[in-house]
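Per-entry structural report
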Amino acid sequence: MFPGCLLINEGLTLVLGRVLGGLSTSLLFSVFESWMVADFEARGLGNNLSGMFGTMSMVNSLVAIASGVVSEWLVGISGTKKAPFMASVVVLAVAFGVIALSWNEYYGSTATEANAKKDDKKKEPSPPKSNTTTLSKILSDPKILCLGLASTIFEGSMFLFVFFWTPALRSTITSSSSSTSTLPYGVIFASFMASCLAASLAFNTFMSGASSSSDNTQQDKKTNQPVLTHTTLLLILLGISSVTFFVSAHPSSEQTAFWVFCLYEAAVGAYWPTMGTLKGRLIDDGIRSQVYGFLRVPLNVFVVVSLMLAGDGAAGFVGVFETCGMLLSGTVGVLWVARSAL
């Protein structure tokens, strides 16, 4: 719907396209991740959930790099910036075919499985299983609330960055004595995605080493050591992102803005597998999609309110970046206190 909207100059059609885009984005960041964790466990692929998320982030970065280069090439040969969006229609059609033909659906426990669980409970009383935990209990868990706060602030800041990085770069060109020619947005985007790729590779390398060392000393699945390791990494990523937003609010040159943006994208590349692993371990399968969907609500509110308060003009990104930096710093403090207490 969104690529087609670019060819129709009607406000209502654009609004409808963005509504459908918001719906699809919410599904992508809630249902898809829930399905992936469930499929990972159903196939019995072991305990390397962190490695799976790292690989997914790496593949996403590779595809994004190729997309940036191809988009720049399409703009060059077609003379219009609409060409990459129309090419995305083909990519979406291929994705639709692959999903329809190869993905299985998960409906939860079948009636037979439910009866078997009831029989087991009659034979040997046991405490309630984790899959009976209600949504209200999950949301009352301090760890889940802290992860929700971190995901809201970080991912909301990321969406705002996507909206404002181009005017931020243009402002450095306007205020400098360099050429005012059109920026190679496709190449710049590919550079950002290359930073994400490098961070994803580093994440896999670091976490595989940490997992192997912890497995040699402790095999208990109930240990909190892996979660604490990922929590520490999440704190580092939030701190780095906070610094990059403060610096990018007042970049001194084009080169400074570009490399700071690359550093931020590297933090994004490591954030996705880190947060995905933490959510996968702390949230039960039966309500995972509900919790993920619920966490999207404050995220979208945060982005909408920020855009409404940003104001018009090329300098609107300054206040937004400064606010994101302060909120990320506050989130680091909240997570650090919760981590120490728990």
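Calculation notes
- Residues numbered from 1 in each chain as written.
- Predicted model: local features only at pLDDT ≥ 70, side-chain atom pairs only at ≥ 80, totals over all residues.
- Heavy atoms only, no water.
- UniProt positions renumbered as here; feature names shortened; annotations may be inferred.
- pLDDT = per-residue confidence, 0-100.
- Helix = DSSP H or I, 4+ residues; strand = E, 2+ residues; numbered from the N terminus.
- Contact = heavy atoms within 4.5 Å.
- Phe/Tyr/Trp six-rings, centres within 6.5 Å; stacked < 30°, edge-to-face > 60°.
- Core = buried A, V, L, I, M, F, W, Y, C linked by side-chain atoms within 4.5 Å.
- Buried < 20%, exposed > 50% of the residue type's maximum accessible area, 1.4 Å probe, protein only.
- Axes fitted to C-alpha atoms, helices over the stretch in contact; angles between N-to-C directions.
- Left-handed = near helix turned anticlockwise from the far one by under 90°.
- Nonpolar A, V, L, I, M, F, W, Y, C, P; charged D, E, K, R; others polar.
- Patch = residues over 30% accessible without salt bridge, like charges linked within 9 Å, V, L, I, M, F, W, Y side chains within 5 Å.
- Areas by Shrake-Rupley, 256 points an atom, 1.4 Å probe, with all protein chains shown as cover.
- Salt bridge = Lys/Arg side-chain N within 4 Å of Asp/Glu carboxyl O.

By the naming in an unreviewed UniProt entry, the protein is Molybdate-anion transporter, taken from Rhypophila decipiens. Check the Function (unreviewed entry) section of the UniProt entry for the protein; it says "Mediates high-affinity intracellular uptake of the rare oligo-element molybdenum."

Right, let's get into the confidence of the model for the protein. Scored by pLDDT, the protein comes out at a mean of 75, with 75% of its residues at no less than 70. When mean pLDDT is taken per element in the protein, helix α11 (residues 254-282) scores highest with 89 and helix α6 (residues 111-123) scores lowest with 44. Of the regions scoring below 50 in pLDDT, residues 109-132 engages in five contacts with residues more than four places distant in sequence or in other chains. Between residues 212-228, whose pLDDT stays under 50, and residues either more than four places distant or in other chains, the model counts eight contacts.

Here we take up the packing of aromatic side chains. All told, the structure shown has 17 aromatic pairs when counted by the stated rule. With centroids separated by 6.0 Å and ring planes inclined at 70°, the aromatic side chains of W165 and Y185 adopt a geometry described as edge-to-face. Linking W165 in helix α8 (residues 142-174) with Y185 in helix α9 (residues 185-217), this pair joins segments that are 20 residues apart in sequence.

This part covers the nonpolar core. Ranked by size, the top nonpolar core spans 51 residues in total, and within it F161, F192, L234, F261 and F321 carry the most contacts. When residues of this core are traced back to their parent elements, those giving at least two are α8, α9, α10 (225-249), α11, α12 (288-310) and α13 (316-341). The leading source of residues in this core is α8, at 13 residues. Beyond its immediate stretch of four places on either side in the chain, L234 contacts L147, A150, Y271, T274, M275, L278 and L335. Grouped together as the second largest cluster of nonpolar side chains are eight residues, W35, M36, F53 and M56 included.

Here we come to the environment of K82. Considering the arrangement of structural elements, one finds K82 in the loop between α4 (49-78) and α5 (83-102). Residue classification places K82 among the partly exposed positions, given a relative accessible area of 35%.

Here the focus is the packing of α4 against α11. Packed helices, taken two at a time, are described by the angle their axes make and the gap between the axes. It is the contact of α4 with α11, at a shortest axis distance of 8 Å, that shows an interaxial angle of 145°. Two packed elements cross with a definite hand, and for α4 against α11 that hand is right-handed. Contact residues: α4 offers L49, S50, F53, G54 and S57, while α11 offers G269, P273, G276, T277, G280 and R281. Of the residues assigned to the contact of α4 with α11, the class counts are three nonpolar, seven polar and one charged.

Moving on, we get to a nonpolar patch on the surface. Taken together, the side chains of V15, L16, V19, L20, L23, L27 and V31 make up a nonpolar region of the molecular surface, amounting to roughly 600 Å² of accessible area. Broken down by element, the nonpolar patch gets its largest block of residues, six residues, from helix α2 (residues 11-28). Along the polypeptide, L27 turns up in helix α2.

Let us look at the environment of T331. For T331, the location among the structural elements is in helix α13. With relative accessibility at 2%, the residue T331 sits in the buried group. Put simply, T331 and I153 are 178 residues apart on the chain and 7.6 Å apart in space, counted from C-alpha to C-alpha.

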